[in-house]
Amino acid sequence: MKIIYTDTLVVGAGLAGLRVAIASKERGLDTLVLSLIPAKRSHSVAAQGGMQASLANTIKGAGDDEDIHFQDTVKGSDWGCDQDVARMFAHCAPKAVRELAQWGVPWTRVTKGDRQVIVNAEKVTITEAEAAHGLINARDFGGTKKWRTCYTADGAGHSLLYAVDNKAISLGIPVHERMEALSLIHDGERCHGVIARCLITGELRAYIAKSTTIATGGYGRIYSVSTNAVICEGIGQALALDTGVATLGNMEAVQFHPTAIVPVGILTTEGCRGDGGVLRDKDGYRFMPDYEPEKKELASRDVVSRRMTEHMRKGKGVNSPYGPHLWLDITLLGQKHIDTNLREVKEICENFLGIDPVKNWIPVRPTQHYSMGGIRTKANGESPQLSGLFSVGEAACWDMHGFNRLGGNSLAETVVGGMIIGKYVADFGEQNNLVVDTDLIAQFGKQLQTEVDQLIEGEGTEDPFKLKAAMQKIMMDYVGIFRNGPELELAVNQLTELLDRSKNLGLKCKKRHANPELVEALRVKRMLKVAVTVACGALARTESRGAHSREDFPQRNDQDWLNRTLTSWPDANSLRPEMSYEALDVMRMELPPGYRGYGVDNAIAHPDTQKRQQQVEAILAELGDDADRYAKQAALMPFELPEEYQPRNQRFTDTLAKTDAESGEK
Amino acid sequence: MSQARTLTFSIFRYDPQEPGDKPKMVTYSLTEAPGMTVFIALNQLRETQDPSLQFDFVCRAGICGSCAMVINGFPTLACRTLTANYPDGHIKLMPLPGFELIGDLSVNTGKFMRELSERLALWLHPNSADNDIHSIETPMSPEEATKLYELERCVECGVCVSACATKQMRDTFVGAVGLMKIARFELDSRDTRTADDFYHVIGNQDGVFGCMTLLGCQDTCPKDLPHMKQIAYLRRKMAAV
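Quantities reported herein were computed from a predicted structural model and do not represent experimental measurements.

### Here's the deal with the overall build of chain B
When helices and strands are tallied, chain B shows nine helices and seven strands. Counting over 241 residues, chain B shows a buried share of 57%. Across chain B, the fraction of contacts at a sequence separation of at least 24, relative to all contacts at a separation of at least 6, is 63%. A total accessible area of about 10,100 Å² is found for chain B, and carbon and sulfur atoms account for 54% of it. On chain B, the mean spot of the 24 positive side-chain charges and the mean spot of the 29 negative ones are 4 Å from each other.

Structure representation (structure tokens):
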């Protein structure tokens, strides 16, 4: 078996993985990326709407800053997030946007003067400041107090991925394409790299590195209908599970996006609603104001998805051969706006539905979209159990999204998380030696070789395609938007049965090189473990928080469940994982748990909440009214960042004040 | 509802790694479903009839560019091609020409695009050493930003390369994809390269003067990029150098 050595190994060539690789290469470390596909085809490319960063260039973003972005993110997470991480993130997001502009992203820019926008289904004229002309623009998204989502038309993911991949190419970072990592090499304490299989030749290779970063995206494809690319199968999470040591966090936290087209589940961006589109039922009636009078269509994604489902359950959905759906109406935005700012949406409507969204309503329904759970990491991106194993982006539970992610925060997390964690990965590479234990490498190589041999030569009878379809249906039917005890129990039982059957897979195609059936068989066993982990986590969590909504436990229960689910799989032959919980420390929170702003406030309070609230008030009172927001923040919850990212973010309102002051002096 | 049709797929099969294997066309039948795309059909064929069938899809939504192939003689994205587009129900699938064949309908566009990018230096060469990310960004005219995005929408699917006669005759030709990307950076006020710099890269038969203006690129581009206009624009620029 060929062995390739490097300092930094990154598995996954989407935005998060590439950004980590760039940080490592810029520090002079030998860096190598593995990818199933060419980097520019990664699922990051599909992000349409944009990335949140509190630049505050537009009139509707005036007054925005890191504090408000932080608060929106924590509330959006239903207090399930790591507040340190949310702080690190909110602070660095403006830096990431500006860096991306320097790397070539043609961000949509502010035009000075009057322009017409649609707010709450009505035309409104807003006036952009003269001094903001040419600065980076932002649009409205759900669950945010300010217009904060920076974008390039509705191809933000495309622009970002192309700029970041171009940067990686300019630095000469090699991407080994069509290579699939299938196991992590580790000794129980330290990760040493991966064993990967070439999807063209079938060759097994060992990649040995000081650090290994998993950036393989989410696990949406364990569901039958998902907005995710077909490669988002959770293999990264499975790699961590298979170590038996590393933990996954909050795997039950799975987000459904309100507006994917029916039946194929392709996404139409939240920008449709952010820009003024509305939802309508079978009678053409705009129903969201009845449920959420304040935020309407721009409530958090989990809330809108549930309200849509509730409304369809009342018989208000449009009947179709694929079940009921609702309408997304963007006709009021007009042709010019749709042709320039929502052109991907328009193309999707034309190609897959044969309709023109300028004139016709779009058939939509909530569809699996985002994995908040993933490989549990510390704030520096490293696994708490396996040193040298890092994870970033949707693959990780770095945990800035908690139980519900805000639109525009995932694209932001990829590059912001990548830049921050990239620094820590580079630090690790500088401070640690390459450890090579040839016995260990051979042992893991042999293990995978045996697995392949058994699949090719064995007498198994189970069809990998059928097992996968069965798993996807169970997840969709029983581990979806609304969950309950009996259905989740059914899901766990049926999934573990499938996992058991996956030990008896048999292949019709016996090729050892490019063999799609073998690829499927290797993946389905791993995906089933991920699916069982999600279902077990959902069954155990007897409360409703963010996207995890239990009909039999409708309250957010901070008293018993203000914690993070941790799952590991220590016994490879077992059909179930081991679960434990990691408490969130209310006494360290900058923003103690409170009302999120939707529906009835039915949360069961944590015993520390009131205590911490009083403490926060006391700290602020002691600082006095003169203290600036930075001092207040530092007093409430100090957080760490790599030194280069510590400076404050300048905003154009700061320069205005300065110019005024300067001219005043003259 | 009327009875569903039976579709006939005639698919190119060849495994270059299998000793003795010869290229051939193989016919499959499949019952059409409402809204069926070539993506859905190929997956059904693989899952139920032939698990060795090789093809590439990633986003299956017309965004990533991975699934370009030749469908009834026309190179295009398979994911967003509806089977209903073919009234007689006969669909012939061939791999994209001009790229290394991996097997059946799968070709190595990624390798091609990376090499092209390295050869033409297809990344932004910023016009200042100023890399302060904490201060206000340099303004850019909103019109320029929109124009850049218009040219940047290329998904590297390879369709333009496969539809280009010059490329079929001269392997070193950079193709419409290379020229479009050069045009995108040429237009970018943040990029320091001048027309003279670009001349060294594309001012020859492998570049802008090799194009025979047959416009296969423009006719087939799934993103409707203005290849003709950009090639003409670059020619004028290069001729002036």
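### With respect to the overall build of chain A
Looking only at helices and strands, chain A has 19 helices and 22 strands in total. Here chain A has a C-alpha radius of gyration of 24 Å; the compact-globule value for 666 residues is 26 Å, and the two agree. If one aligns the C-alpha atoms of chain A with their principal axes, the spans along those axes are about 80 × 60 × 50 Å. Once local pairs closer than 6 in sequence are excluded, the contacts in chain A between residues at least 24 apart make up 73%. Summed over all atoms, the accessible surface of chain A reaches about 22,100 Å², with 48% contributed by carbon and sulfur.

### Re the packing of helix α3 (residues 83-103) of chain A against helix α11 (residues 409-431) of chain A
How two helices pack is summed up by the angle between their axes together with the distance between the axes. All names here are of chain A. The interhelical angle for the contact between α3 and α11, taken along N-to-C directions, is 95 degrees, at an axis separation of 9 Å. Between α3 and α11, the angle is such that the two are roughly perpendicular. Across the interface between the two elements, Met88, Phe89, Cys92, Ala93, Lys95, Ala96, Glu99 and Leu100 of α3 pack against Asn409, Ala412, Glu413, Val415, Val416, Met419, Ile420 and Tyr424 of α11. Partitioned by chemical class, the residues of the contact of α3 with α11 number twelve nonpolar, one polar and three charged.

### Overview of a negative patch on the surface
Together, Asp187, Glu189, Asp437 and Asp439 of chain A line one region of the surface with negative charge. Within the secondary structure layout, Asp187 of chain A lies in the loop between β8 (179-186) and β9 (191-198).

### Quick word on the sheet that holds strand β16 (residues 374-376) of chain A
Residues and elements named next belong to chain A. With mixed pairing, five strands are arranged side by side in an open sheet as β18-β16-β11-β21-β22. If you trace the sheet from one side to the other, it starts and ends with β18 (396-397) and β22 (578-583), each paired once. As paired strands, strand β21 (residues 563-568) and β22 are joined by six bridges and run antiparallel to one another. The residue bridging Thr565 from the neighbouring strand is Tyr581, located in β22. Helix α15 (residues 516-540) contacts β11 (248-249), β21 and β22 of the sheet and is inclined by roughly 55 degrees relative to β22.

### Some remarks on the pairing of strand β5 (residues 90-94) of chain B
Along any regular strand, the residues point their side chains to alternate faces of the sheet. Residue and element names in this part refer to chain B. On β5, burial follows the alternation: Ile91 and Leu93 on one face are buried, whereas His90, Lys92 and Met94 on the facing-out side are not. Both strand β1 (residues 6-13) and β5 contribute to a ladder of four bridges, which runs parallel. Note that in β5 the partner of Ile11 across the bridge is Leu93. Taken together, the two bridges between strand β3 (residues 68-71) and β5 define a ladder with antiparallel strand orientation. Residue Ile71 lies in a different strand from β5, and its bridge partner there is Leu93.

### Focus on the environment of Gly178 of chain B
All names here are of chain B. Tracing the backbone shows Gly178 in helix α6 (residues 175-187). Judged by relative accessible area, Gly178 falls into the buried class, the value being 0%. Along the backbone, Gly178 and Leu122 are 56 residues apart, and their C-alpha atoms lie at a distance of 8.2 Å. Residue contacts for Gly178: discarding those within four places in its chain leaves Leu116, Leu120 and Leu122.

### Details of α6 of chain B
Over its 13 residues, α6 of chain B runs 19 Å from end to end, which matches the ideal 18 Å to within 8%, given 1.5 Å per residue. Most of α6 of chain B is tucked away: twelve of the 13 residues are buried.

### So, the sheet that holds strand β12 (residues 254-261) of chain A
Residue and element names in this part refer to chain A. The antiparallel open sheet is built from four strands, whose spatial order is β12-β15-β14-β13. Across the chains shown, the open sheet's two edge strands, defined by having one partner strand only, are β12 and β13 (278-280). Taken pair by pair, the neighbouring strands of this sheet meet at an average axis angle of 45 degrees, ignoring direction. Sheet topology note: the β12/strand β15 (residues 362-371) ladder contains six bridges and is antiparallel.

### With respect to the UniProt feature "active site" (unreviewed entry) in chain A
All names here are of chain A. Per the UniProt record, "active site" (unreviewed entry) is annotated on Arg301. Assignment of secondary structure puts Arg301 in helix α8 (residues 301-316). With residues up to four places along the chain from it excluded, the contact list for Arg301 reads Phe141, Gln255, Phe256, His257, Pro258, Glu270, His369, Asn404, Arg405, Gly407 and Gly408. In this structure the side chain of Arg301 is engaged in a polar contact, spanning 2.4 Å, whose partner is the side chain of Glu270.

### Re the confidence of the model for chain B
The predicted coordinates of low-pLDDT regions are not to be read in fine detail. Mean pLDDT over chain B works out to 95, with 98% of the residues at or above the 70 mark. Both confidence scores are given for the complex: pTM 0.97, ipTM 0.97.

### Looking at unusual backbone geometry
Residue and element names in this part refer to chain A. Residues Val262 and Pro263 are joined by a peptide bond in cis, for which omega reads 5 degrees. Within the secondary structure, Pro263 is located in the loop between β12 and α6 (271-274). You will see that Asp78, though not glycine, has its phi angle at about 55 degrees, which is positive. Here Asp78 shows up in the loop between α2 (66-76) and α3. In this structure Asp78 comes out as buried when scored by relative accessible area, which is 7%. Phi at Lys296 is positive, roughly 50 degrees, even though this residue is not glycine.

### Focus on the side chain of Asn515 of chain A
Among the structural elements, Asn515 of chain A can be located in the loop between α14 (485-501) and α15. At a separation of 2.9 Å, a polar atom in the side chain of Asn515 of chain A contacts the main-chain carbonyl oxygen of Cys509 of chain A. A polar atom in the side chain of Asn515 of chain A sits 3.0 Å from the backbone nitrogen of Glu517 of chain A. What Asn515 of chain A contacts, discounting residues up to four positions off in sequence, is Ile456, Cys509 and Lys510 of chain A together with Pro51 of chain B.

### What about the packing of aromatic side chains?
Each pair of aromatic rings is reported with the distance of its centres and the angle of its planes. According to the stated counting rule, one finds eight aromatic pairs over all chains in the structure shown. Judged by centre distance (5.2 Å) and plane angle (80 degrees), the ring pair of Trp561 of chain A and Tyr581 of chain A falls under edge-to-face. With Trp561 of chain A in helix α16 (residues 558-561) and Tyr581 of chain A in strand β22, the pair connects residues that are 20 residues apart, well separated along the chain. Exposure remark for Trp561 of chain A: the relative accessible area of 11% places this residue in the buried category. Judged by its relative accessible area of 33%, Tyr581 of chain A falls in the partly exposed class. Members of the aromatic cluster, joined through ring pairs, are Phe39, Phe55 and Phe57 of chain B. If you follow Arg405 of chain A out to its NZ or CZ, it ends over the ring of Tyr370 of chain A, 4.0 Å from the centre.

### Some points on the domain arrangement of chain B
Residues and elements named next belong to chain B. Domain assignment breaks chain B into domain 1 (6-106) and domain 2 (110-239). Computed from C-alpha atoms alone, the centre-to-centre distance between domain 1 and domain 2 is 30 Å. Contacts between domain 1 and domain 2 engage 14 residues on the former and 15 residues on the latter. Across the domain 1 to domain 2 interface the summed buried area is about 1,100 Å²; carbon plus sulfur atoms make up 61%. Connecting domain 1 to domain 2 are one salt bridge. Between Glu100 and Lys111 there is a salt bridge, with its nearest N and O atoms 2.7 Å apart. Counting every contact that joins domain 1 to domain 2 gives three residue pairs in polar contact (both at pLDDT 80 or more). Counting residues per element, the side of domain 1 that touches domain 2 draws most heavily on strand β4 (residues 74-77), at four residues. Class assignment of the residues belonging to the side of domain 1 that touches domain 2 gives a composition of nine nonpolar, three polar and two charged.

Calculation notes
Residues numbered from 1 in each chain as written. Chains lettered and ligands numbered in written order. Predicted model: local features only at pLDDT ≥ 70, side-chain atom pairs only at ≥ 80, totals over all residues. Heavy atoms only, no water. Helix = DSSP H or I, 4+ residues; strand = E, 2+ residues; numbered from the N terminus. Buried < 20%, exposed > 50% of the residue type's maximum accessible area, 1.4 Å probe, protein only. Contact = heavy atoms within 4.5 Å. Areas by Shrake-Rupley, 256 points an atom, 1.4 Å probe, with all protein chains shown as cover. Lys, Arg positive; Asp, Glu negative; His and termini not counted. Charge placed at Lys NZ, Arg CZ, Asp CG, Glu CD. Rg over C-alpha atoms; globule rule 2.2 N^0.38 Å. Axes fitted to C-alpha atoms, helices over the stretch in contact; angles between N-to-C directions. Parallel < 35°, antiparallel > 145°, perpendicular 65-115°, else oblique. Nonpolar A, V, L, I, M, F, W, Y, C, P; charged D, E, K, R; others polar. Patch = residues over 30% accessible without salt bridge, like charges linked within 9 Å, V, L, I, M, F, W, Y side chains within 5 Å. Salt bridge = Lys/Arg side-chain N within 4 Å of Asp/Glu carboxyl O. Pairing = 2+ DSSP bridges. Expected span 1.5 Å × (residues − 1). UniProt positions renumbered as here; feature names shortened; annotations may be inferred. Polar contact = N/O pair within 3.5 Å; in protein donor to acceptor, adjacent residues only side chain to side chain. pLDDT = per-residue confidence, 0-100. Phe/Tyr/Trp six-rings, centres within 6.5 Å; stacked < 30°, edge-to-face > 60°. Lys NZ or Arg CZ within 6 Å of the ring centre and 35° of its normal. Domains from an automatic or database assignment. Buried area = accessible area lost by both parts, 1.4 Å probe.

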